Amino acid sequence: MKISYNAVTKPSFLLVNPELPAFTSCKPRLISTPILRISRSHEKLIGLITKFQCSVAERTFGTSSSVSKGDTNRLSRKQGGSSSLFSRPSLLEMKNERMENRARVYEFLRGIGIIPDELDGLELPVTVEVMRERVDFLHKLGLTAEDINNYPLVLGCSVKKNMIPVLDYLGKLGVRQSTFTDFLRRYPQVLHASVVIDLSPVVKYLQGMDIKPNDIPQVLEKYPEVLGFKLEGTMSTSVAYLIGIGVARREIGGVLTRYPEILGMRVGRVIKPFVEYLESLGIPRLAVARLIEKRPHILGFGLEERVKPNVESLLEFHVREASLGSVVAQYPEIIGLDLKPKLFNQQSLLKSVIDLDHEDFGRVVEKMPQVVSLSKTSMMKHVDFLKGCGFSLQQLGKMTVSCPQLLALNLDIMKLSFDFFQTEMERPLDDLVTFPAFFTYGLESTIKPRHRMVAKKGLKCSLAWMLNCSDEKFKQRIDYDTIDLEEMEPEPSFNMNTLMEPRSDDDSGSDYEDSDDEYE
């Protein structure tokens, strides 16, 4: 005889999770089969199982009810008064507390002269003590309340997380601690920077531009703003343009070291217009490149504010338009000076001491534009010396127009040269009036040996014929049977081509294409 248990629900299932709904019926469902016969003992067993199932179901209902009531009681306790262990400040209370803390911080800042108006929305220290620590640290760096007011966002920098790591990095690079104050006044944003993400890549880029590691501190001290530039932005385009106009690649490192501000100049707005304007004055592009190599700071002269007005002043003081390029090439600083007052003062001085007229003053500036920067005391000493040599005012005027360098040469050397001229050469003063450039030649290296060779040959020649040529040319002249008068004419005092002489080690070639659209 076999018993089928398919109709009996296993009571263990109900004991595993009392939360599951209990059976709603206690009556067993027995499956009868025609061939099944159940003994009385088995009928008792089934009855016991059925009663057990009903008992479990009743407990399930009771347990569920009690759990629900417990949860309800606990929930009601959570929603109870503020005395509960589970209480939290409300959002309004937290907001009010933050406002009170910020108000105390603002009151502290106002008390020390710092205006906090621009700090709204900036994450600030919660307590006055932490803010006092930041302010004290900035004061130790030399920054005043006025400096902080110029950039109040610096108060958002943590001393330990921002300021100290940045300053330590700059110190390791070699930036002098004595320059930190000026450094931070010019570029306080550096305190917000990440050493790894922001600062280190810029330093590596500068080294890649052939700036020597020992020169990096000098570059940063001169132009701390460079630490905020994008690597592939203005910095790369300005360097590419300079190489394109002829600045030698090997000179780039030196150019940027002397004037790192170039890295922040926009090509289309600053560098390119400046270069093209100098070209319009008659200076070839390659000569402009050479000027930039030697004096890169000229790129910082404002084209509209300074350069063009100075060129107009030169024309006003009788410098000929055809000579403008030569004047600028000889003395590039002249286009960056406060020029007009200097021209007026020098013109008036030379008029009063040697009776130099305005047209002749223009010729003096063309031949030696540095005259605008000579001091009155220096020029008067030279004029007095020449007067003492026996030259008249008229002769002095003529000599000055022919060779303005007379107003700037070393007086001791001029005296030695004049003594030799009088005692050994025994020539008349008129020879010096005709060729005052005599004083510009070296006494031991040129004047003495050439005079002796001329005297040995028994030649009668002018000072210009004897001095105004190279050593090789002079030897050829000595061998001539006659003196060619054309060779006695003095050569121009400045030759623009000297700026463009090729260099044997020049590697300034570039595949850069000068596009007007690229930098507009």
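Residues numbered from 1 in each chain as written. Predicted model: local features only at pLDDT ≥ 70, side-chain atom pairs only at ≥ 80, totals over all residues. Heavy atoms only, no water.

Trainee: Please explain the packing of helix α11 (residues 249-258) against helix α13 (residues 285-294) as it appears in this structure.
Mentor: Between two packed helices, what matters for the description is the angle formed by their axes and the separation of those axes. For the pair α11 and α13, interaxial distance at closest approach is 8 Å and the crossing angle is 55°. As the angle between them shows, α11 and α13 are arranged oblique. Across the interface between the two elements, Glu251, Val255 and Arg258 from α11 touch Ile292, Glu293 and Lys294 from α13. Residue composition of the contact of α11 with α13, grouped by class: two nonpolar, no polar and four charged. (Axes fitted to C-alpha atoms, helices over the stretch in contact; angles between N-to-C directions. Helix = DSSP H or I, 4+ residues; strand = E, 2+ residues; numbered from the N terminus. Parallel < 35°, antiparallel > 145°, perpendicular 65-115°, else oblique. Contact = heavy atoms within 4.5 Å. Nonpolar A, V, L, I, M, F, W, Y, C, P; charged D, E, K, R; others polar.)

Trainee: I would appreciate a short explanation of the packing of helix α16 (residues 339-354) against helix α18 (residues 376-388) in the present structure.
Mentor: One way to put it is that α16 packs onto α18 with a least axis distance of 12 Å and a crossing angle of 20°. Relative to α18, α16 is oriented roughly parallel. Two packed elements cross with a definite hand, and for α16 against α18 that hand is right-handed. Residues Gln346, Leu349, Leu350, Val353 and Ile354 of α16 pack against Lys376, Met379, Met380, Val383 and Lys387 of α18. (Left-handed = near helix turned anticlockwise from the far one by under 90°.)

Trainee: Even after reading the chapter, I still don't get α16, so can you show me in this structure?
Mentor: Every α-helical turn comprises 3.6 residues, leaving residues that sit three or four positions apart pointing alike. Helix length check: α16, at 16 residues, gives a terminal C-alpha distance of 22 Å against a target of 22 Å (1.5 Å per residue), a fit within 8%. On its buried face, α16 sits against α14 (303-316), α17 (358-367), α18 and α19 (393-402). Backbone geometry just downstream of α16 places Asp355 in the positive-phi region, at approximately 55°. (Expected span 1.5 Å × (residues − 1).)

Trainee: Which parts of the structure should I look at to understand the pattern of salt bridges?
Mentor: The final tally for this structure, using the stated rule, is 18 salt bridges. Across the pair Glu221 and Arg176 runs a salt bridge whose closest N-O atoms are separated by 2.7 Å. Placement of the pair is Glu221 in helix α9 (residues 216-222) and Arg176 in the loop between α6 (159-173) and α7 (180-186), with a sequence separation of 45 residues. By relative accessible area, Glu221 is classed as buried at 17%. The closest approach of N and O atoms between Glu276 and Lys272, which form a salt bridge, is 2.9 Å. Taken together, the residues Glu276 and Lys272, both in helix α12 (residues 267-280) and four residues apart, mark about one turn of the helix. When salt bridges that share partners are traced, they join Arg320, Glu359, Arg363 and Glu366 into one network. (Salt bridge = Lys/Arg side-chain N within 4 Å of Asp/Glu carboxyl O. Buried < 20%, exposed > 50% of the residue type's maximum accessible area, 1.4 Å probe, protein only.)

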